[in-house]
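Residue-level structure breakdown
What follows is the residue order along each chain.
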Amino acid sequence: SGTFRTFAQEISHTQKIKNFGLFLSGRHQAQEGFRDNSDYKSYNLDNKFTLDLNQADSLQLLTGLYTAKVGSPGRIENVDLDDRLDSLKKYLDINWLHKFDSDSNIEIKSYGNFDRLEFIETSEPLDKNTHTTKLRGLNLQYKGKFLNFYMPVLGFNYQKHLLNSSNSGKHDYYINAI
């Protein structure tokens, strides 16, 4: 408990059983706010699962979820008691790591993110603006010792962004990096 009835709880657990590891984490935050319609409530879950296939290869799965509901009271001289902001974020990453030796490895990562934001102008649910972003990506990376002194990292990254907004419509764009 804190200022303006602020609450925060967090729990996490880490464990390794033979070649399987896990990390679980959960958080909750809430505040009643110092003005009407200035409340805040969020939940966050993060997980990481690791599987060592052998001494050289390992797999990882990372997942997460975040949700928040926030009041938006407006300016003090122009109070707006029914504006709300709702947020939802999710992610999923899958990684494969292969170690050639102690100084060199290759990593492949596939990932996806989802981000949705809703701004509700009135208590009527039809009057809201929604913005959704989806990201799909692939990352390839090689790290290795060169001339027993240098440690160059070479990589390739590909991303596809999908945007959908009730205000501006649908848009796609791609990012490639080497």
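Below or above, wherever it landed, is the structure these notes cover.

Regarding the pairing of strand S4 (residues 57–71)
Working note: regular strand, side chains alternate between the two faces of the sheet. Here strand S3 (residues 40–52) pairs with S4 via 13 bridges, running antiparallel. For Leu51, the partnering residue across the bridge sits in S4 and is Leu59. Where S3 folds back on S4, the antiparallel hairpin that results is connected by 4 residues. Note: S4 against strand S7 (residues 84–101), 15 bridges, orientation antiparallel. Bridging from a neighbouring strand, Ser58 pairs with Leu97 of S7.

As for the pairing of strand S2 (residues 20–31)
Two elements, strand S1 (residues 6–17) and S2, share 12 bridges in a ladder whose sense is antiparallel. Along S2, the bridge assignment pairs Ala8 with Gln29. Hairpin geometry of S1 and S2 is characterised by an intervening segment of 2 residues between the two adjacent antiparallel strands and by a positive phi of about 50° at Lys18. In terms of strand pairing, S2 meets S3 through 12 bridges, oriented antiparallel. For Phe23, the partnering residue across the bridge sits in S3 and is Lys48.

Looking at unusual backbone geometry
Its identity is not glycine, yet Leu147 carries a phi of approximately 55°, on the positive side. Relative to the elements of secondary structure, Leu147 occurs in the loop between strand S9 (128–143) and strand S10 (153–165). On the basis of relative accessible area, Leu147 is assigned to the exposed category, the value being 64%. With a phi close to 55°, Asn148 is a non-glycine residue in the positive phi region. Residue placement: Asn148 occurs in the loop between S9 and S10.

Re the environment of Ala56
Here Ala56 lies in the loop between S3 and S4. With 49 residues separating them along the chain, Ala56 and Asn105 place their C-alpha atoms 8.9 Å apart. Leave out the neighbours within four places in its chain, and Ala56 touches Leu97, His98 and Lys99.

Structural notes on the side chain of His98
Inspection of the secondary structure puts His98 in strand S7. Classification of His98 by relative accessible area gives buried; the value is 19%. Not counting chain neighbours up to four residues away, the residues in contact with His98 comprise Ala56, Asp57, Ser104, Asn105 and Ile106.

Concerning the pattern of salt bridges
Here the structure, examined in full by the defined rule, presents 7 salt bridges. Residue Lys69 is joined to Asp86 by a salt bridge in which the shortest nitrogen-to-oxygen separation is 3.4 Å. Linking Lys69 in strand S4 with Asp86 in strand S7, this pair joins segments that are 17 residues apart in sequence. A single salt-bridge network, built from bridges that share partners, covers Glu10, Arg27 and Asp46.

Structural notes on the environment of Leu92
Tracing the chain through its elements places Leu92 in strand S7. Spatially, the C-alpha atoms of Leu92 and Phe114 are 9.1 Å apart, while their sequence positions differ by 22 residues.

Comments concerning a positive patch on the surface
Together, Lys90, Lys134, Arg136 and Lys170 give the surface a local cluster of positive charge. Position of Arg136 relative to the elements: it lies in strand S9. We classify Arg136 as partly exposed; its relative accessible area is 41%.

Quick word on the packing of aromatic side chains
This structure, assessed with the given rule, holds 3 aromatic pairs. Ring centres of Phe20 and Phe49 lie 6.4 Å apart, and the angle between their planes is 20°; this geometry places the pair in the stacked category. Of this pair, Phe20 sits in strand S2 while Phe49 sits in strand S3, and the two are 29 residues apart along the sequence. For Phe20, a relative accessible area of 33% puts it in the partly exposed group. Judged by its relative accessible area of 27%, Phe49 is partly exposed. Here the aromatic rings of Phe100 and Tyr142 are separated by 6.3 Å at their centres, their planes lie at 55°, and the arrangement is tilted. With Phe100 in strand S7 and Tyr142 in strand S9, this residue pair connects regions lying 42 residues apart in the sequence. Here Phe100 falls in the partly exposed class, since its relative accessible area comes to 48%. By relative accessible area, which is 35% here, Tyr142 ends up partly exposed.

The rules behind the values
- By convention here, each chain's residues receive numbers from 1 onward along its written sequence.
- Given that the model is predicted, a residue must reach a pLDDT of at least 70 before its local features are reported, and side-chain atom pairs must reach 80 or more before they are shown or counted; all residues, however, enter totals for whole chains, interfaces and linings.
- With hydrogens and water stripped out, all remaining heavy atoms of the structure feed into the side-chain values.
- Strand pairing follows a simple DSSP-based rule, namely that at least 2 bridges must link the two strands.
- Note on conventions: DSSP H or I runs of at least 4 residues are helices, E runs of at least 2 residues are strands, and numbering of each starts at the N terminus.
- Buried residues are those whose accessible area, probed at 1.4 Å on protein chains only, stays under 20% of the maximum for their type, while exposed residues exceed 50% and partly exposed ones sit between those limits.
- We call two residues in contact when some of their heavy atoms are within 4.5 Å.
- In what follows, salt bridge is the name for a side-chain nitrogen of Lys or Arg lying within 4 Å of a carboxyl oxygen of Asp or Glu.
- To count toward a patch, a residue needs a relative accessible area over 30% and no salt bridge; like charges are then connected within 9 Å, while nonpolar side chains (Val, Leu, Ile, Met, Phe, Trp, Tyr) are connected within 5 Å.
- For the area figures, the Shrake-Rupley method with a 1.4 Å probe applies, and any residue is considered shielded solely by the protein chains shown.
- Charged residues are defined narrowly, with Lys and Arg counted positive, Asp and Glu counted negative, and His plus the chain ends left uncounted.
- Every charge is mapped onto a representative atom, which is NZ of Lys, CZ of Arg, CG of Asp or CD of Glu.
- Only rings of Phe, Tyr and Trp enter the pairing, Trp through its six-membered ring, and a pair is recorded when the two centres are within 6.5 Å. The plane angle decides the type: under 30 degrees is stacked, over 60 is edge-to-face, the rest tilted.

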